[in-house]
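Close look at the chain arrangement
These are the residues of each chain, in order.
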Amino acid sequence: MKPQNKSIATLLTIIFLLSGYKGFTQTAQKADLSIAVNYFISNNKVPRLMVKVKTKVNGRFQNVAGISLKLFLDKDTAGKFIGKVVTNDDGEATAYIPPSLKSQWGNSLKHIFVATFDGNKKYESANGDVTVAKAKILIDAGSDKTITASVFEMKDTSWVPVKGVDVVLAIRRMGADLAINDTPAFTTDSTGKASGDFKRDGIPGDAKGNIILVAKVLDNDQYGNLSVEKTVPWGAKFTMVNLFGKRTLFATRDKAPLWLQLIAYSIMFIVWGILVYLVFNVFKIKKIGEDITAGIKKQ
Amino acid sequence: MENLIINEKITKGQLPKNSVSIANHKIISIADEKIISDLLPQKFGKAGKIWVGVLTAICLVGLYAYYRQLRYGLIVTSMRDYVSWGIYISNFVFFVAISLVGSLITAVFRLAGVKWGSPLTRIAEIIAVAAIIFASLIIIVDMGSPERFYYLFIYGRIQSPIIWDVIVITTYFFISILLLYYPLLPDIQILLRFKQSTGKRLYRFYSFIGSFWKGTPEQFRLSEKAINILCITIIPVAFTIHTVTSWLFATTYRPGWDSTNFGAYFISGAFLVGAGAVVVAMYIFRKAQHLEKYITEDHFEKMGRVLVLLALLYLYFNMNEFLTPFFKMKESEAEYLNGLFSGNFAPLFWFAILIGMIVPTLILLFKKGRKPLPVFIAGIMVVVGAWFKRYLIVTPTLLHPFLPMHDVPESYRHYFPSWEEWAITLGSLAGAMLIITILARIFPIIPIQETITEQHETTK
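Criteria and thresholds
- Residues numbered from 1 in each chain as written.
- Chains lettered and ligands numbered in written order.
- Predicted model: local features only at pLDDT ≥ 70, side-chain atom pairs only at ≥ 80, totals over all residues.
- Heavy atoms only, no water.
- 1 Å grid on protein atoms, 1.4 Å probe; cavity = no way out; pocket = protein on both sides within 12 Å on 5 of 7 lines; lining within 4 Å.
- Points joined across faces, edges and corners; volume = space filled by probe spheres on them.
- Helix = DSSP H or I, 4+ residues; strand = E, 2+ residues; numbered from the N terminus.
- Nonpolar A, V, L, I, M, F, W, Y, C, P; charged D, E, K, R; others polar.
- Domains from an automatic or database assignment.
- Contact = heavy atoms within 4.5 Å.
- Buried area = accessible area lost by both parts, 1.4 Å probe.
- Salt bridge = Lys/Arg side-chain N within 4 Å of Asp/Glu carboxyl O.
- Polar contact = N/O pair within 3.5 Å; in protein donor to acceptor, adjacent residues only side chain to side chain.

Moving on, we come to the layout of surface pockets. All names here are of chain B. Here the largest pocket defines a volume of roughly 1100 Å³. Taken together, 38 residues form the lining of the largest pocket, with Trp 51, Ile 284, Met 433, Ile 436 and Thr 437 sitting closest to its centre. Residue assignment for the lining of the largest pocket shows that the elements contributing at least two residues are helix 2 (46-72), helix 3 (87-99), helix 5 (121-143), helix 11 (262-288), helix 15 (372-398) and helix 16 (419-442). Here the lining of the largest pocket takes 11 residues from helix 16, the largest share from any one element. In the lining of the largest pocket, the residues fall into 30 nonpolar, six polar and two charged. Of the volumes computed, that of the second largest pocket is approximately 650 Å³. Mapped by element, the contributors of at least two residues to the lining of the second largest pocket are helix 4 (101-111), helix 5, helix 7 (161-191), helix 10 (217-250) and helix 17 (448-459). Of the residues belonging to the lining of the second largest pocket, the class tally is 10 nonpolar, nine polar and 10 charged.

Right under this line is the structure:
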């Protein structure tokens, strides 16, 4: 190898080896995370936390999956640890308050839920919290198809009605809840009650006509998300018709509809019957010809 | 009228139609003999041999391409997940369409009492038989492995339009064969008289298929009855065959196929291309076999009028098929429609409309345009335009599914047939023409007995 080529080869080797050295790379700037903590309580049972993690990319918020978060009740200390969760593809993670924190829960009328993230290679450390007061919601359905929701807050040792809370009265459906009438939300009065008339007569229910009514307080600054359900027999009886294994156009070959078979096979039988007759007709013509030939030969 | 005594003894009471007997011998006039000698099948000349050689060569290339498809699978084609029906199915629809001419010229004309069409009936029937044979074969080619055709019968569902198509194509094939065969019987009897000129093998073949025909009134009665039954049967079967073919598309929810108009649209197009094929064949046979006395200018004049009517009818259905979706321009169909009107497929689309319908109509509207050569040119335009029209019915739709294509290889987004697809398709077209050529070599292309009968009726 020529000395000039040798030095070029050496230089290229050094560049190649140094390309792996991190000192050449720019330090990537870590992104910030936004952590939202939401509080849910359904049918006045065990409270649930749902954490949503987002980050801003090109000016738009995007959900962040795979973020490991620690959840605490009131304080970021070991004795008040609710649990560790990891966000899913929607940037969400859920946890229930464990029985070990029952006494802590009973000690106060208001609680702070804290979510912390320690940071990683891509994101800075972050935290989020939500403060909620203890509250409950009740639902009642009258015989005149009036639905009443009552919202109460725990004050000292008793439940006190709350005025001015927006309540959604709806029917549980498969995809989303359907409002009981055209009013999207009702506001509680001084007795903590909000009422609405059921205007969805004829809505399909289960086999007995049962439907599930739901009263919801959504994203309330003080109480978080409260909901309660009640089953009433106000729907139309719905009998599920399962076409699987029945005679349909989309069934297997042995389950073809009879009307289709009748029509198709009748047409085939008639047309092919004609064709068979016409083939026999050829033999008839042949016979006449053969008889003539035989007659000529006899003569 | 001068008469010849044919050396064939017949018994009393068994005299053929339009013949008289002297001392138990059949008598045929000199005029009839002239007709017979004019219409007998002719051996291939130099041009004929070259023609057969070229067609055979194209078929052999197609067979080699099919061997490659069998050896390596359908991957040798350009068909992928989206365009799973490509040039093969376009060709299949073309063959099914062209086969409908048998029912138009033979059955519709016969039942409507159109006498002038009788010299064209055999041409139409031969085209129908050749086309329906290759329609069936091309479907097997499209399936990939041929044993899948067998599975169709074993596992086929009567609910599926594909099974309906298999049934009606088979039925139509048998009807077309019978409709070709029955009117041939009297001609076979004539052909058997020319043992020397026909050759041994052909003579044996004629004897096998028709030596029993003696031309007795009873045989004529049975044959006429059978032909009438066939003519009545073939019309609904012909309508069914192409309506069911259209339903293969219309029952599939895709842009451009979601139409209630498809059955009528396909049938009108089929009659047009069938009539186009007949005028092309008429011109070629007239020239090749010197049949100017039998396929006259008047036939071209009348077939020209039929073509204009059918072209205008098909144009009307095309307007129905494209104008209303164009007016609405639904978002889900916009890309497909724009692709046809002004996009990638626009040159082909406007070629099919202009060359397949509008220009032939303009040519044939004028008396001078209905002379043999212009009619022949218009016929070629109709047939070529019709082939591309079938391609446009199949491919653009498959390239524009309702749900957008995501994360698919680039080859899924486009379709241009591979050389194997072209070779097989051209091979099938050559094969159909080869069958027509061979049948025209074996059988009289114009019914001899029928021409003699008509001659006698005219003389009376």
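Turning our eyes to something else, we now look at the domain arrangement of chain A. All names here are of chain A. Domain annotation for chain A reports domain 1 (33-133), domain 2 (135-232) and domain 3 (243-284). One C-alpha centre belongs to domain 1, the other to domain 2; they are set 27 Å apart. With 11 residues of domain 1 at the interface, the matching set in domain 2 holds 18 residues. Buried area between domain 1 and domain 2, summed over both chains or domains, comes out near 1000 Å², and the portion from carbon and sulfur atoms is 40%. When residues of domain 1 are sorted by the area they lose upon contact with domain 2, Asn 44, Leu 109 and Ala 133 head the list and together hold 45% of the total. For the pair domain 1 and domain 2, the number of links is zero salt bridges. Remark: the boundary between domain 1 and domain 2 carries nine residue pairs in polar contact (both at pLDDT 80 or more). Residue assignment for the side of domain 1 that touches domain 2 shows that the elements contributing at least two residues are strand 1 (33-42) and strand 8 (126-133). No other element matches strand 1, which puts five residues into the side of domain 1 that touches domain 2.

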